[in-house]
Amino acid sequence: MSEAVLYDAVGPRGRRRILVGSVAGLLLLAVVIGAAVARLAAKGGFEADLWRVLTRGDVQRLLARGLVATMRAALFAMVLSIAVGGVLAVGRLSRRRWLARPVGAWVELFRGLPLLLLILFLFLGLPAVGVTISTFWALVAGLTLYNSAVIGEIFRAGILSLPRGQTEAAYAIGLRRGQTLRIILLPQAVRLMLPALISQLVTLLKDTSLGFVISYAELLRNGRTAVEFLGGKYSIPIYTAIAVVYIAVNGSLSLVARWLDHRTRQQYGRTVQPSVADEAA
Amino acid sequence: MDAILDNLDAYRQGFVTTLALTVVSSVLALALGTLLAAMRVSPVPTLRAAGAAYVEVVRNTPLTVVFFFAVFVLPQLDIRMAFLQFAVIAVTVYHAAFFCEAVRSGVNAVGAGQAEAARSIGLTFTQSLRLVILPQAFRTVVPPLINVVIALTKNTSIAAAFGVVELTAVGTRLANANGDAVIAIFAGIAVCYLVLTLPSGWLAGQLERRVAVAR
């Protein structure tokens with residue numbers, strides 16, 4: 001349903017009321033922001049050097065190194081999650097119950113646990129049994145355990161959303177089950193689930209910030225290091241810069257996902273919709 | 001196993017804190033999210049833009065960064081609270097965007113004929129939303145809302161890194177204190193989370209199936 005069905009086009013009086021209301025709202029917002037700014041200014045929060053900290057070479061280098069580390073962890077985890085997710089999807093779709101059931105339980109288990117708990121478990125638990133693990137691999141392995149389960153479900157939804165006729169036709173021309181999946185179903189399913197897959201990858205990228213907790217030197221950790229070194233009053237410019245970087249990177253990925261979703265829907269009339277809850281987690 | 005039994009009290013406290021954080025934040029975030037959703041479907045362009053901007057900014061920001069702003073930036077503005085209250089703010093602000101999207105998708109799932117009929121009998125925007133659209137939207141929207149609550153439950157674990165002693169923080173502390181039983185301790189914590197998330201997920205699935213049949 002398009003939202004425009006909910007109300008009539010606004011008339012002159014309504015438009016005037018909206019204008020008055022908007023101006024009043026913006027004024028109220030300006031007062032709130034003004035109060036915050038005044039409070040900050042009283043504490044020297046707007047001394048020029050506060051925001052100039054972002055132009056310092058060492059701060060920039062620290063944040064850039066953090067961004068590279070974030071991207072590195074995200075890329076490793078993305079590739080691994082897609083690979084493992086594919087295996088999990090095929091396993092859960094299998095006709096062999098002894099395979100499908102345990103894989104299903106595995107997926108539900110890891111989707112039901114907090115990602116941070118998985119990362120901490122790997123980081124603190126593996127050394128306890130004599131396996132040393134770096135912060136990088138603890139983060140990547142944790143991200144992979146969680147996201148492969150979610151991505152596996154996206155793959156499965158994509159394959160299940162195809163018409164039965166595709167499978168039946170493939171069997172009719174003598175393809176085996178594996179061939180049907182590989183040659184007929186996957187290529188079509190990929191197109192339908194690509195938007196959902198990309199939005200899950202955005203979630204994964206956001207979740208690399210959990211590396212902060214185990215002191216993996218990613219963007220957020222390096223920002224914190226800078227603030228701890230320079231002093232608490234620099235928290236506003238530095239964390240704002242970090243938020244802007246995340247919003248820019250994730251926002252452009254989300255735009256790609258939306259564009260693909262739009263295009264695929266025009267061609268095929270449908271796509272696999274990402275679940276709002278998966279985007280939140 | 002002994003490590004768990006000896007620390008049942010810590011587990012209980014962590015569980016209660018996680019549950020409290022989840023319940024309070026869910027209620028607040030659902031309220032804020034419904035308000036945002038109403039803004040996003042309203043006839044007022046300013047409100048629509050404000051709602052859309054909120055959702056876009058929040059959903060592309062990691063929850064950890066939201067926590068940073070709550071825990072490290074708010075005190076710079078002389079706002080001082082307990083860690084738990086900062087955590088409630090961060091979790092609420094973040095998940096309101098997702099509750100908003102869940103509610104909005106529910107509103108969009110109600111047939112266009114319903115809104116047209118409501119308007120043709122002379123109901124205003126507020127009336128048609130309140131009496132016709134939302135009661136129907138709510139049915140389809142309950143399973144996704146439960147799923148967002150599940151995601152919220154899991155995400156409260158991030159509060160562990162910001163001074164709140166909930167389940168994950170209890171797990172880390174016990175793990176550091178009992179180096180020989182780390183795996184058992186974390187397994188116990190995992191069970192606590194699964195007790196919360198798995199039944200809710202099952203309920204959401206059941207409801208989803210029933211609503212799907214009803215349509």
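(A) The interface of chain B and chain A, seen in detail. Between chain B and chain A, the residue contacts involve 59 residues of the former and 50 residues of the latter. Where the side of chain B that touches chain A is concerned, the elements lending two or more residues are helix 3 (45–59), helix 4 (63–73), helix 5 (83–109), helix 6 (112–120), helix 7 (125–155), helix 8 (167–177) and helix 9 (182–214) of chain B. When the residues that make up the side of chain B that touches chain A are grouped by side-chain class, the tally is 34 nonpolar, 19 polar and six charged.

(B) Layout of unusual backbone geometry. Not every positive phi belongs to a glycine, and A:Ser215 is a case in point at roughly 65°. In this fold, A:Ser215 is placed in the loop between helix 8 (177–207) and helix 9 (219–230).

(C) Summary view of helix 4 (residues 97–111) of chain A. Residue and element names in this part refer to chain A. Taking 1.5 Å of rise per residue, the 15 residues of helix 4 would be expected to cover 21 Å, and the 21 Å separating its terminal C-alpha atoms lies within 8% of that figure. Listed as buried for helix 4 are Val103, Val107, Phe110 and Arg111. One face of helix 4 carries all of its buried residues, which in axial projection span an arc of 100°. The exposed set on the far side of helix 4, more than 90 degrees from its buried face, consists of Arg97, Trp98, Pro102 and Ala105. Elements that come into contact with the buried residues of helix 4 comprise helix 3 (57–93) and helix 6 (135–160).

(D) Highlighting the packing of helix 7 (residues 164–172) of chain A against helix 8 of chain A. All names here are of chain A. At their nearest, the axes of helix 7 and helix 8 sit 10 Å apart, and the two run at 155° to each other. Considering the angle they form, helix 7 stands roughly antiparallel to helix 8. In this structure, helix 7 meets helix 8 at a crossing whose hand is right-handed. Contacts between helix 7 and helix 8 involve Gln166, Thr167, Ala170 and Tyr171 from the first element and Thr180, Ile184, Leu185 and Gln188 from the second.

(E) Summary view of the domain arrangement of chain A. Looking at chain A, the domain boundaries give domain 1 (3–42) and domain 2 (53–280). Distance from the C-alpha centre of domain 1 of chain A to the C-alpha centre of domain 2 of chain A: 38 Å.

(F) A look at the nonpolar core. Within the largest apolar cluster, 142 residues are counted, with the highest numbers of intra-cluster contacts made by A:Leu117, A:Ile119, B:Ala90, B:Phe99 and B:Val148. It is helix 5 of chain B that contributes the most residues to this core, 16 residues altogether. Setting aside its immediate chain neighbours within four residues, B:Phe99 contacts B:Ala29, B:Leu30, B:Gly33, B:Thr34, B:Leu145 and B:Val148.

(G) Layout of the environment of B:Ala87. Residues and elements named next belong to chain B. Along the polypeptide, Ala87 turns up in helix 5. When the C-alpha positions of Ala87 and Ala159 are compared, they lie 6.0 Å apart, and in sequence the two are 72 residues distant. Look past the residues within four positions of Ala87 in its chain and what remains in contact with it is Leu21, Ala159, Phe162 and Val164.

Calculation notes
Here the residue numbering is sequential within each chain, running from 1 through the sequence in written order. Each chain gets a letter, beginning with A, and each ligand a number, beginning with 1, in the order they are written. Residue-level local features of this predicted model are given only where pLDDT is at least 70; pairs of side-chain atoms are given and counted only at 80 or more, and the full residue set underlies all totals for whole chains, interfaces and linings. What counts as a contact here is a pair of residues whose C-beta atoms, placed from the backbone, lie within 7 Å. Secondary structure elements follow DSSP: runs of H or I no shorter than four residues count as helices, runs of E no shorter than two count as strands, and numbering proceeds from the N terminus. Each residue receives one of three labels: charged for Asp, Glu, Lys and Arg, nonpolar for Ala, Val, Leu, Ile, Met, Phe, Trp, Tyr, Cys and Pro, and polar for the others, Gly being one of them. By definition here, a helix of n residues has an expected span of 1.5 Å times n minus one. Neighbour density around each residue's C-beta defines its exposure: 20 or more other C-beta atoms within 10 Å make it buried, 12 or fewer make it exposed, and counts between make it partly exposed, where C-beta atoms are placed from the backbone. What the arc measures is the spread of directions leading from the helix axis to the C-beta atoms. In this analysis, axes come from line fits to C-alpha atoms, helices being fitted only over the stretch in contact, and the angle between any two N-to-C directions falls in the range 0 to 180 degrees. Convention used here: angles under 35 degrees read as roughly parallel, angles over 145 as roughly antiparallel, angles from 65 to 115 as roughly perpendicular, and any remaining angle as oblique. Handedness of a crossing is defined here by the sense of rotation of the near helix relative to the far one, left-handed for an anticlockwise turn of less than a right angle and right-handed for a clockwise turn. Either an automatic procedure or a domain database provided the assignment from which the domain bounds are taken. By our criterion, buried Ala, Val, Leu, Ile, Met, Phe, Trp, Tyr and Cys residues that link up through C-beta atoms within 7 Å make up a nonpolar core.

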